[in-house]
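The chain contents come next:
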Amino acid sequence: MKKIKVLLVAFVLGGLTLTSCSSDDNSTPASINAKWTPTKTVIKIGANQEVSEDYTNNQEGCDKDYIEFSETNSVFKDKYFYKNGSNACIEDDAADPGTFNNSNDVLIINADDSTYDGTYKVTTLTNNTLVISFDTQVGTNMVTTSYHFKKV
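Residues numbered from 1 in each chain as written. Predicted model: local features only at pLDDT ≥ 70, side-chain atom pairs only at ≥ 80, totals over all residues. Heavy atoms only, no water.

**So, the layout of surface pockets**
Gaps left between atoms are located by rolling a probe of water-molecule size over the structure's atoms.
Piece 1. If you add up the space inside the largest pocket, you get close to 190 Å³.
Piece 2. Around the largest pocket, the lining is made up of 14 residues, and of these T41, Y55, N57, Y116 and Y147 lie nearest the centre.
Piece 3. For the lining of the largest pocket, the secondary structure elements donating two or more residues are β1 (35-45), β2 (49-54) and β10 (141-151).
Piece 4. Considering only residue class, the lining of the largest pocket consists of six nonpolar, five polar and three charged. (1 Å grid on protein atoms, 1.4 Å probe; cavity = no way out; pocket = protein on both sides within 12 Å on 5 of 7 lines; lining within 4 Å. Points joined across faces, edges and corners; volume = space filled by probe spheres on them. Helix = DSSP H or I, 4+ residues; strand = E, 2+ residues; numbered from the N terminus. Nonpolar A, V, L, I, M, F, W, Y, C, P; charged D, E, K, R; others polar.)

**Topic: the pairing of strand β5 (residues 89-92)**
Piece 1. Sheet topology places strand β4 (residues 75-83) next to β5; four bridges connect them, and they run antiparallel. Bridge pairing links F81 to E91 in β5.
Piece 2. Taking the residues between adjacent antiparallel strands as the criterion, β4 and β5 are bridged by five residues, where N87 takes a positive phi near 65 degrees. (Pairing = 2+ DSSP bridges.)

**A word on the side chain of D65**
Piece 1. Relative to the elements of secondary structure, D65 occurs in the loop between β2 and β3 (66-70).
Piece 2. Buried charge without a salt bridge: D65, with K64 as the nearest opposite-charge side chain at an N-O distance of 10 Å.
Piece 3. Among the polar contacts listed, one links the side chain of D65 to the side chain of Y55, at a separation of 2.6 Å.
Piece 4. Here the side chain of D65 touches F81 through a polar contact of 2.9 Å, landing on its backbone nitrogen.
Piece 5. D65 has contacts with W36, T37, P38, Y55, N57, N58, K79, Y80 and F81, leaving out every residue within four places of it along the chain. (Buried < 20%, exposed > 50% of the residue type's maximum accessible area, 1.4 Å probe, protein only. Lys, Arg positive; Asp, Glu negative; His and termini not counted. Salt bridge = Lys/Arg side-chain N within 4 Å of Asp/Glu carboxyl O. Polar contact = N/O pair within 3.5 Å; in protein donor to acceptor, adjacent residues only side chain to side chain. Contact = heavy atoms within 4.5 Å.)

Shown next, in the form of structure tokens:
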């Protein structure tokens, strides 16, 4: 009888050990090097006021606008798609590629023609989500602007 109890406890502990590891565990940190499509912008004014605006500039029937961080030569691209007079989707090449540096959750984007030119804090970086933000003092209020992206 004692052997059966010991065997039962061993099977239960073995089962718990095998099932305690989650498939969500990921020892590889997420990388910013990817294409990211904007989803929304959140502006927080002081401690109590917040305004959120979904990204609505994607042209229906075209590829989604995106930004891209490329590990090769640290190249940053900001791409927009629009429909021309013939209703054909065109990729906007007006913004020249820039560069970026991401170190210790500080992201510096050098891209003169881009909306995203500047210095940001990386507040969220997962395999599917990127959120970058910056603070601005406006009068007595701290204003935090956060750009939210989803991996393409």
